There are 2 protein chains.
Amino acid sequence: MMETTSTRTDSCAAPPHPHRRPEGQDSYTISEVVAFTGLTAHTLRWYERIGLMPHIGRSHTGQRRYSNRDLDWLDLVGKLRLTGMPVADMVRYAELVREGDHTFGERFELLETTRRDVLARIAELQDTLAVLDRKISFYADAGRVAAYEGEKVR
Amino acid sequence: MMETTSTRTDSCAAPPHPHRRPEGQDSYTISEVVAFTGLTAHTLRWYERIGLMPHIGRSHTGQRRYSNRDLDWLDLVGKLRLTGMPVADMVRYAELVREGDHTFGERFELLETTRRDVLARIAELQDTLAVLDRKISFYADAGRVAAYEGEKVR
DNA sequence: CGCTTGCTTGGAGCGCACTCCAAGGTCATA
DNA sequence: TATGACCTTGGAGTGCGCTCCAAGCAAGCG
């Protein structure tokens, strides 16, 4: 078997990074990174192609060797992805990082905007949760009483 | 102009349904529903085609006339959409509703599963928020000090 | 009557985020 | 040294959720 699709380990894993090797020996193959992140090798290569990752270091024969730093970046990308941030925006952020220190302000603003988006999203979800709870208790205790959908949803 | 793309009003609108007409006179054209929901007419027709909406009532000339009930259903669909629930699952739920009372159990379970998903999603987002906050304060008070990305992200 | 606006349909097209393929080179173990 | 797992590339394909198109019908208006 090759190119495993998603060896995503249980998400209730340990907090830090149990698998990482110390600085200096931090050189991971793409399949190791697949195992750590749950991303596919395809996706990792694609991230690099579109500029969402820096160019990854290579072995003497041209194979990718990821560093701890690369893994940290992937962690951040993973988090940002969870917020629903478009890949294009993350690429933009990556570009700002590559461009150097004079982009600090812009990066800061991008993060702040994202933060506000996340807060708004959480609020939306909590709103939805309320609707869901109402509907669930409706089903739970109205048992099977004439209860068609759309009835006092809100 | 026709087929406006997104006349989404500010989301801090009034809680109930300021625009609705009383039962008996609740007959809205597709463009009215577009204005209410922020969906496009295309999307509304598509929802109907794929079975996410029941077949909508028609005028004597075959034009769609939405009822308050239809609007309620669209509200629910909008909420479920916010949770990230796939359209296919919402269609499944719609089917269960059409199939009648004997699907109560299954509907209940679907809602409960969704509820758990939403809770998990909120937790994820809060986790992300913490990362974001850390990074933001890093940018804020480290000012412009050597601060490359991936540095102690977590 | 012609013009505009708004609605109808089936089917094609689009943007995003992957996802996979084909052809070939590399590495570790027996 | 040979087998098989793993890696490389550019480019094509997929699935989702819309999004749009073309052709045509119906109503209102000057």
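Predicted model, so just to flag it, every value in this text is computed and none were measured. (Residues numbered from 1 in each chain as written. Chains lettered and ligands numbered in written order. Predicted model: local features only at pLDDT ≥ 70, side-chain atom pairs only at ≥ 80, totals over all residues. Heavy atoms only, no water.)

## Observations concerning the nonpolar core
Soluble globular proteins: nonpolar side chains tend toward being buried together. Leu44 and Tyr66 of chain A together with Leu44 and Tyr66 of chain B are the most contacted members of the largest nonpolar core, which has 70 residues in total. Here Tyr66 of chain A is in contact with Asp26, Ser27, Tyr28, Thr29, Ile30, Val33, Leu44, Glu48, Met53, Ile56 and Leu71 of chain A, once residues within four sequence places are set aside. (Core = buried A, V, L, I, M, F, W, Y, C linked by side-chain atoms within 4.5 Å. Buried < 20%, exposed > 50% of the residue type's maximum accessible area, 1.4 Å probe, protein only. Contact = heavy atoms within 4.5 Å.)

## Examining the packing of aromatic side chains
One pass over the structure, following the stated rule, counts 10 aromatic pairs over all chains. Both rings, one in Trp73 of chain A and one in Tyr93 of chain A, keep their centres 6.1 Å apart while their planes meet at 5°; by these two values the pair is stacked. One end of the pair, Trp73 of chain A, is in helix 3 (residues 68-82); the other, Tyr93 of chain A, is in helix 4 (residues 87-99), and 20 residues separate them in sequence. For the residue pair Trp73 of chain A and Tyr93 of chain A, the accessibility class agrees, reading buried in each case. Measuring from ring centre to ring centre gives 5.8 Å for Trp46 of chain B and Tyr47 of chain B, while their planes differ by 40°; the resulting arrangement is tilted. Here the aromatic cluster, defined as three or more aromatic residues joined through ring pairs, consists of Phe104 of chain A together with Phe138 and Tyr139 of chain B. (Phe/Tyr/Trp six-rings, centres within 6.5 Å; stacked < 30°, edge-to-face > 60°. Helix = DSSP H or I, 4+ residues; strand = E, 2+ residues; numbered from the N terminus.)

## Considerations on the packing of helix 4 of chain A against helix 5 (residues 104-141) of chain A
Each packed pair of helices is defined by two parameters, the angle between the axes and the distance between the axes. All names here are of chain A. Orientation of helix 4 relative to helix 5, taken along the N-to-C sense of each, is 155°, at an axis distance of 9 Å. The orientation of helix 4 with respect to helix 5, classified from their angle, is roughly antiparallel. The chirality of how helix 4 crosses helix 5 is left-handed. Residues Asp89, Arg92, Tyr93, Leu96 and Val97 of helix 4 lie in contact with helix 5, whose contacting residues are Glu106, Arg107, Leu110 and Leu111. Considering only residue class, the contact of helix 4 with helix 5 consists of five nonpolar, no polar and four charged. (Axes fitted to C-alpha atoms, helices over the stretch in contact; angles between N-to-C directions. Parallel < 35°, antiparallel > 145°, perpendicular 65-115°, else oblique. Left-handed = near helix turned anticlockwise from the far one by under 90°. Nonpolar A, V, L, I, M, F, W, Y, C, P; charged D, E, K, R; others polar.)

## Here's the deal with the protein's contact with DNA strand C
Neighbouring DNA strand C are 20 residues, the closest being His42 and Thr61 of chain A together with Ser31, Arg45 and Arg64 of chain B. The share of sugar and phosphate among atoms of DNA strand C within 4 Å of the protein is 69%. Thr61 of chain A has a polar side-chain atom sitting 2.5 Å from a phosphate oxygen of DNA strand C. Interatomic distance of 3.3 Å between a backbone N/O atom of Val87 of chain A and a phosphate oxygen of DNA strand C. Residue assignment for the surface near DNA strand C shows that the elements contributing at least two residues are helix 2 (41-49) of chain A together with helix 1 (30-37) and helix 2 (41-49) of chain B. For the surface near DNA strand C, the leading source of residues is helix 2 of chain A, giving four residues. Residue classes in the surface near DNA strand C are distributed as seven nonpolar, eight polar and five charged. (Near = heavy atom within 4 Å. Polar contact = N/O pair within 3.5 Å; in protein donor to acceptor, adjacent residues only side chain to side chain.)

## Observations regarding the pattern of salt bridges
Residue and element names in this part refer to chain A. In total, this model carries 20 salt bridges over all chains according to the counting rule given. Here Arg20 makes a salt bridge to Asp75, at a shortest N to O gap of 3.4 Å. Note that Arg20 is positioned in the segment before helix 1 (30-37) and Asp75 in helix 3, a separation of 55 residues in sequence. For Asp75, a relative accessible area of 28% puts it in the partly exposed group. Overlapping salt bridges, with partners in common, bring together Arg20, Asp72 and Asp75 in one network. (Salt bridge = Lys/Arg side-chain N within 4 Å of Asp/Glu carboxyl O.)

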